[in-house]
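# Report on the structure
Spelled out, the chains give:
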Amino acid sequence: MNTAIRIFIGVFLTFATAWIGLVLVPHWQLKDLQSQKDEALGTLNPAPYTGLEADGRRVYIDLGCTYCHTQQVRGGFYNADLERGWGSRRSHPLDYIYDEPQLLGTMRTGPDLANIGVRQPSEEWHHLHFYDPQITSPGSIMPPHRFLYEKRRIQGQPSADALPLTGEFAPEEGYEVVPTYRAKALVAYMKRLDQSYDIVEEGDQ
Amino acid sequence: MNAPPIPPEKLPEIRSEIDRSCSMPCLAWFASSMFWLIVGTIFAIIASIKMHNPEFLGDTAWLTFGRVRPAHLNVVAFGWGVPVAFGVLLWLQCRLCRVKMVWPGVILAAVVIWNIGITVGTIAILAGKSLGIEWLEFPTYAAFLLFLSFALVAVWSMMTFAQRRQDHVYVSQWYIFAGLFWFPWLYVTVQVLLILLPVKGVTQAAITWWFGHNALGLWFTPCALAAGYYFIPKVIGRPIYSYYLSLLGFWTLAIFYNWAGIHHLIAGPMPAWLVTTSIVGSMMMIIPVAAVAINHHMTMRGNFKLLKYSPTLRFVVFGAMAYTLTSLQGSLMSLRAYNEPTHFTHHTIGHAHLGLYAFFTMTMFGAMYYIVPRLTGREWASSRLIRIHWWGSAGGIIFMFLVLTIGGFIQGFEMNQASESFESAIDKHGFFGGLKQWFAGFQDRNGAVPFMEIVKGTIPYLIARSVSGVMILVGHLAFLALMVMNIHAWGRKRFGPTLFQRGDKTYTRLMTDELEEAKEA
């Protein structure tokens, strides 16, 4: 049994040390991060998600947006993220304390979304873009998400939230396209993605 | 160990008894993994086509890109990769311990539980119930079934090991032992810390990538290395070159691989020390990789001619070479300078396929070419189908790796460094002049190439990737046909191994060596 015990102790110890180093220690280091209060505006940075935003985040996860979009502005000598206007500063661990699960992402088939709420504040833009990305971004390879919208016959007056679709994208005469709850939640989540606030680091005061 | 060792003259008889006892459980793992391999390849092709043709199946929420892609990953990793490794390592464990399979019923139960887990997990992803954590998309109920099944296999393997009738513990067994111990621990840790009692914010990202990386390093790698260490010496009929190199390779892998993973978050919102630690771990992996590469190469030396004939050897050696390449590339990719253009691009996808397909999957194919005829008592029916499988899989993966690597480089340089797109530089200055001009702009890092131009630039590479996917699917269908024919005893009955081609003396030697083994089976 000598060999087996030797292998067992070895694989146990090698794994345990890495587990302490890469899981426990960062957990201890980062577990006490808390939102910071902006005294002038009276806001929390970052703020907890509202119900609608949290639902939108759920839609973002369920449709797998994270497989093509990151949510992190890189820093250090990786300067291009800032040059592209994807953010005004490098992302910080504090920005993510309400994220469960984290959606940092691994792929930039599409652009980074850490600050999409700042870059594209228009709800209409987001709805048109989700309905068919070719409307707002011709040549995009993002899939259309028409299944988040409902096409229905106009009853009397057109709905206030109907999408302003024109040309080849417009529905037949007498019909309109309106967002479902999931589409509205997703847009609310997009608008909330905003890391433009300043973070006060310990020792900065 | 507990029972007395076996006298050598009884070995052939014992071997064939062992093979018979493994037949049902191992074939059950192989058959189910083949099913998921085909499903996973089809998901891959759907996802790949969607990347250059977003309207393809665009109105079905179930088949939107963001669901098909994780479905592909989970089906090939957990539906194909883990079960096929189970089949191979159960057989290896029995052969190397020289004991018959004990309680095959337990293993069959594990097969059923595992496949229920994969089925409900995959449906959950397509229905939008994914947990949204890469590599861990399956909902908790599916993950629990997988864990249960894994635990059965791990405990069973330890029991077999405890009954062994062979004093010497072969290097393959170290890897099997370690993999079966590491993976459940890793899986439970991440399930608890990410899903049941989630830790805060970016610590989750660290744990996710620690898992994503270690699933490869502490499970798929040990399994494929165990197979490589067994089949290369077995087919060429001579012992492994150096026992001490294999010791070195094993223990340095155990020490260093665990520490890698956080380098997936270079320059992200992570404490720098954490990322740097993982870069060090990743670079240190050069030691075990070199040890394994030298060991395999020296074992093979003088026998490369056999690659012309033996399917097992050709697939396994291809896998071993891919291991060296993918590992060295991986170490490079962890360096900040190389990481800058390649991170977040298709380059990474190419690397992932080099590891999981060219290394792991090809090694498993090689192992199955050896094991399955011994389980069914019947040789492969057609050497033409084996050739189609080889050219589809090997050709497809090489092509895919090349297009994703090159396309990813261009995409990454345009995104991070260059001040004009590759295409416009070539248009203006011709190929070589343009290339020179393009490289010269790399110091700017001004993000001047419009994002949409970068996207458009990747499309030809994405189309080529779809072509490579179809090549691989053709290979898989040929292998599926071979498996079905073998299990159902269709086709001409052959004696001795089915080889790629007939030939000279080398061929005759391989035939006789393997014939000896085959007679025993």
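Residues numbered from 1 in each chain as written. Chains lettered and ligands numbered in written order. Predicted model: local features only at pLDDT ≥ 70, side-chain atom pairs only at ≥ 80, totals over all residues.

A few words now on the overall build of chain B. Summing up its helical and strand segments, chain B has 17 helices and zero strands in all. Scaling as 2.2 N^0.38, a compact globule of 521 residues should have a C-alpha radius of gyration of about 24 Å, and chain B matches this with 23 Å. On the principal axes, the C-alpha backbone points of chain B span a range of 75 × 55 × 50 Å. Relative to its 521 residues, chain B shows a buried fraction of 55%. Of the contacts made within chain B by residues no fewer than 6 positions apart, 84% connect residues no fewer than 24 positions apart. (Helix = DSSP H or I, 4+ residues; strand = E, 2+ residues; numbered from the N terminus. Rg over C-alpha atoms; globule rule 2.2 N^0.38 Å. Buried ≥ 20, exposed ≤ 12 C-beta atoms within 10 Å, placed from the backbone. Contact = placed C-beta atoms within 7 Å.)

It is worth spelling out the overall build of chain A at this point. Secondary structure assignment for chain A yields seven helices and four strands. Its helices and strands taken in sequence order, chain A reads α-β-β-α-α-α-α-α-β-β-α from the N to the C terminus. Against the 2.2 N^0.38 benchmark of 17 Å for 205 residues, chain A shows a C-alpha radius of gyration of 22 Å, more extended than a compact globule. Principal-axis analysis of the C-alpha atoms gives chain A an extent of 80 × 55 × 35 Å. Buried residues in chain A amount to 40% of all 205 residues. If you take every contact in chain A between residues at least 6 apart in sequence, the share linking residues at least 24 apart comes to 67%.

Formed by 181 residues in total, the largest nonpolar core has its most connected members in B:Val88, B:Ala206, B:Ala226, B:Ala227 and B:Met364. Considering each element in turn, this core owes the most residues, 23 residues, to helix 6 (residues 202–236) of chain B. Apart from residues no more than four positions distant in its own chain, B:Ala227 is found in contact with B:Val88, B:Val316, B:Thr363, B:Met364 and B:Ala367. Among the nonpolar cores identified, the runner-up in size contains 28 residues, and A:Val59, A:Cys65, A:Cys68 and A:Val73 belong to it. (Core = buried A, V, L, I, M, F, W, Y, C linked by C-beta atoms within 7 Å.)

So, on to the packing of helix 12 (residues 346–376) of chain B against helix 13 (residues 383–416) of chain B. Residue and element names in this part refer to chain B. Axis separation between helix 12 and helix 13 bottoms out at 7 Å; the angle between their running directions is 165°. As the angle between them shows, helix 12 and helix 13 are arranged roughly antiparallel. Between helix 12 and helix 13 the crossing geometry is left-handed. Counted together, His346, His347, Thr348, Ile349, Gly350, His353, Leu354, Tyr357, Ala358, Met362 and Phe365 of helix 12 and Ser393, Ile397, Met400, Phe401, Leu404, Thr405, Gly407, Gly408, Phe409, Gln411 and Gly412 of helix 13 form the full contact between these two elements. (Axes fitted to C-alpha atoms, helices over the stretch in contact; angles between N-to-C directions. Parallel < 35°, antiparallel > 145°, perpendicular 65-115°, else oblique. Left-handed = near helix turned anticlockwise from the far one by under 90°.)

What follows deals with the environment of B:Ala489. Residues and elements named next belong to chain B. Structurally, alanine 489 can be placed in the loop between helix 16 (451–487) and helix 17 (505–520). On the basis of neighbour counts, which here come to 11 C-beta atoms within 10 Å, the residue alanine 489 falls in the exposed class. For the pair alanine 489 and tryptophan 391, spaced 98 residues apart in the sequence, the C-alpha separation amounts to 25 Å.

Taken together, the contact pairs 60 residues of chain A with 69 residues of chain B. Mapped onto the side of chain A that touches chain B, the elements with two or more residues apiece are helix 1 (2–30), helix 2 (51–62) and helix 3 (80–83) of chain A.

To continue, consider the confidence of the model for chain B. Averaged over every residue, the pLDDT of chain B is 91; residues scoring 70 or more account for 95%. For this predicted complex, the interface confidence comes out at an ipTM of 0.94, alongside a pTM of 0.94. (pLDDT = per-residue confidence, 0-100.)

Attention now goes to unusual backbone geometry. At the junction of A:Asn45 and A:Pro46, the peptide bond is cis and its omega measures out at -10° in the coordinates. A:Glu100 connects to A:Pro101 through a cis peptide bond whose omega is 0°. When you line up the elements, A:Pro101 lands in the loop between helix 3 and helix 4 (116–119). Positive phi is not limited to glycine here, since B:Trp135 has a value of about 80°. Assignment of secondary structure puts B:Trp135 in the loop between helix 3 (104–126) and helix 4 (140–162). Judged by local crowding, B:Trp135 falls into the partly exposed class, with 18 C-beta atoms found within 10 Å.

On to the environment of A:Asp198, then. Residues and elements named next belong to chain A. Assignment of secondary structure puts aspartate 198 in the segment after helix 7 (181–192). For aspartate 198, a count of 11 C-beta atoms within 10 Å puts it in the exposed group. Distance from aspartate 198 to methionine 107, taken between C-alpha atoms, is 26 Å for residues 91 residues apart in sequence.

Residue and element names in this part refer to chain B. Across the interface, helix 9 (residues 286–300) lies against helix 10 (residues 311–333) with an axial gap of 10 Å and an inter-helix angle of 155°. As far as their axial angle goes, helix 10 and helix 9 are roughly antiparallel. Judged by the sense of rotation from one axis to the other, the crossing of helix 9 with helix 10 is left-handed. Two secondary-structure elements touch here, helix 9 through Ile286, Val289, Val292, Ala293, His296 and Met300 and helix 10 through Val317, Ala320, Tyr323, Thr324, Ser327, Leu328 and Ser331. In terms of residue class, the contact of helix 9 with helix 10 is made up of nine nonpolar, four polar and no charged. (Nonpolar A, V, L, I, M, F, W, Y, C, P; charged D, E, K, R; others polar.)

Our next topic: the environment of B:Gly407. All names here are of chain B. When you line up the elements, glycine 407 lands in helix 13. For the pair glycine 407 and threonine 345, spaced 62 residues apart in sequence, the C-alpha to C-alpha distance is 8.6 Å. Excluding residues within four positions of it along the chain, glycine 407 makes contact with His346, Thr458 and Tyr461.

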